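Working through the structure, step by step
Residue-level listing of the chains:
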Amino acid sequence: MTPLFTLEGKKGLVVGIANEHSIAYGCARTFRAAGAELAITYLNAKAEPYVRPLAEGLGSPIIVPCDVREPGQLEAVFAQIQREWGHLDFLLHAIAFAPREDLHGRVVDCSQAGFGIAMDVSVHSFIRMTRLAEPLMPQGGCLLTVTFYGSEKVVENYNLMGPVKAALESVVRSMAAELGAARIRVNALSPGPIRTRAASGIHRFDELMEHTAARTPQRRLVSIEDVGALAAFLVSDAAAAITGGIHYVDGGYHIMG
Ligand code: NAD
């Protein structure tokens, strides 16, 4: 029987691997296992020794730096993809950042500068990536980002990232509407809490994990492999009619009142 989907022959860009615990790495492994060829970025020289071996393990032909705050770096990534591949089938944006002092305080108290940085790295970078990807997707494609339930309900200690993820989800809907006719799909994955480096910046994250595991219908936490399985499906042709959505992979947590 023909499998429901394969990513054989597809080329994808993965932005957001910091280490083997990263959600982006779980997704990259699944994309690769399904047959895709991947371009992988690392934040900077300090991150490179952690990311490069993982990217090499996935046989990535393009391994390049990308700090979205550095002028020109994102453009350079897409220029290299244009030169080496000539097109792109999908990308995963799995990055977020907020200055610690703003992340740990009340939303009421967050600084103008901190709010701006968090929105720039976590939201506007996805808009920029989409704009750069569009000309590389003449036959259509799929853009994925990663959000969290704290966008729609107040999750204790998620603070500033709540409004930031709400904006990200709204951007997903707007861009999906704008690019739908070009057969470019835009979707967000919404995983439950996972122990990663970014997550360790959230105050009392362990308590959030415990609370979630106890209240989740499936009585378990999710893994980066769970997220990768959903991501691989969404970027495949099997999901050709799916766009503009916020797709939970959270053991059902979001249905609980
Ligand atoms: P992670 O620390 O493994 O990944 C975060 C990535 O963001 C890192 O690779 C880091 O280098 C990158 N990044 C930060 N600033 C950057 C910049 N200026 N330019 C380029 N890259 C930058 O953590 P993660 O949990 O895998 O985070 C991935 C995404 O998943 C984030 O958007 C996060 O908000 C989201 N998410 C995480 C959870 C969770 O519980 N871990 C749940 C839902 C959503």
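First things first, this report covers the structure right here in the doc. Keep in mind the model is a prediction, meaning the values are calculated, not measured. (Residues numbered from 1 in each chain as written. Predicted model: local features only at pLDDT ≥ 70, side-chain atom pairs only at ≥ 80, totals over all residues. Heavy atoms only, no water.)

Remarks on the overall build of the protein chain
In terms of helices and strands, the protein chain carries eight helices and seven strands. Viewed in the frame of its principal axes, the protein chain has a C-alpha envelope of about 45 × 45 × 35 Å. In the protein chain, which comprises 257 residues, the proportion classed as buried is 53%. With the model as given, the accessible surface of the protein chain reaches about 12000 Å², and the carbon-plus-sulfur share is 54%. The centroid of the 23 positive side-chain charges in the protein chain is displaced by 2 Å from the centroid of its 26 negative side-chain charges. (Helix = DSSP H or I, 4+ residues; strand = E, 2+ residues; numbered from the N terminus. Buried < 20%, exposed > 50% of the residue type's maximum accessible area, 1.4 Å probe, protein only. Areas by Shrake-Rupley, 256 points an atom, 1.4 Å probe, with all protein chains shown as cover. Lys, Arg positive; Asp, Glu negative; His and termini not counted. Charge placed at Lys NZ, Arg CZ, Asp CG, Glu CD.)

A short note on the state of the cysteines
Enumeration over the complete set of coordinates arrives at zero disulfides. For cysteine 27, which is in no disulfide, the shortest distance to another cysteine sulfur is to cysteine 142 and amounts to 11 Å. Cysteine 27 supplies the cysteine sulfur nearest to cysteine 66, a cysteine that is in no disulfide, at a spacing of 17 Å. Using a relative accessible area of 5% as the deciding quantity, one classes cysteine 66 as buried. (Disulfide = S-S within 2.5 Å.)

Section: the site of the ligand
Close contacts around the ligand come from 28 residues, with Gly16, Ser22, Ile23, Ile194 and Thr196 the closest. Contact between the ligand and valine 68: a nitrogen atom at 2.9 Å from a main-chain N or O atom of the residue. Note that an oxygen atom of the ligand is positioned 2.6 Å from one of the side-chain N or O atoms of threonine 196. The protein chains hide 92% of the 820 Å² of surface that the ligand would expose on its own. (Near = heavy atom within 4 Å. Polar contact = N/O pair within 3.5 Å; in protein donor to acceptor, adjacent residues only side chain to side chain.)

Observations concerning the pattern of salt bridges
Evaluation of the coordinates by the stated rule reveals eleven salt bridges. Measuring nitrogen to oxygen at the nearest pair gives 2.7 Å for the salt bridge that ties glutamate 48 to arginine 52. Taken together, the residues span about one helical turn, with glutamate 48 and arginine 52 both in helix H2 (residues 48-57) at a distance of four residues. As a salt-bridge pair, aspartate 226 and arginine 220 come within 3.0 Å of each other at their nearest N and O atoms. Look at arginine 220 and you get partly exposed, because its relative accessible area is 37%. Connected through shared salt-bridge partners, Glu48, Arg52 and Glu56 make up one network. (Salt bridge = Lys/Arg side-chain N within 4 Å of Asp/Glu carboxyl O.)

Here we look at the sheet that holds strand E2 (residues 37-42)
Ordered in space as E3-E2-E1-E4-E5-E6-E7, the seven strands form an open sheet in which the pairing is parallel. Strands at the two margins of the open sheet, each flanked by one partner only, are strand E3 (62-65) and strand E7 (246-249). Here the strands of the sheet are splayed against their neighbours by 20° on average, with no regard to which way each runs. Strand direction decides the pairing type here: strand E4 (residues 90-93) and strand E5 (residues 141-146), joined by four bridges, are parallel. Its bridge partner lying in E5, histidine 93 is registered against threonine 145. Docked against the sheet, helix H6 (residues 161-179) engages E5, strand E6 (184-191) and E7, running at close to 155° with respect to E6. (Pairing = 2+ DSSP bridges. Axes fitted to C-alpha atoms, helices over the stretch in contact; angles between N-to-C directions. Contact = heavy atoms within 4.5 Å.)

Notes on the packing of aromatic side chains
Following the criterion strictly, the structure yields four aromatic pairs and no others. Ring geometry for tyrosine 149 against tyrosine 253: centres 5.5 Å apart, planes inclined by 90°, an arrangement best described as edge-to-face. Taken together, the residues tyrosine 149 in the loop between E5 and H6 and tyrosine 253 in the segment after E7 connect sequence positions 104 residues apart. Grouping residues by exposure puts tyrosine 149 and tyrosine 253 together as buried. (Phe/Tyr/Trp six-rings, centres within 6.5 Å; stacked < 30°, edge-to-face > 60°.)

A word on the pairing of E5
Burial runs high along E5: six of the six residues are buried. Here E5 runs beside E6; their pairing, made up of six bridges, is parallel. Its bridge partner being in E6, leucine 143 is matched across the sheet by valine 186. Chirality of the crossover, the property in question, places the unit of E5, H6 and E6 among those that are right-handed. (Right-handed = clockwise from strand over helix to strand, strands pointing away.)

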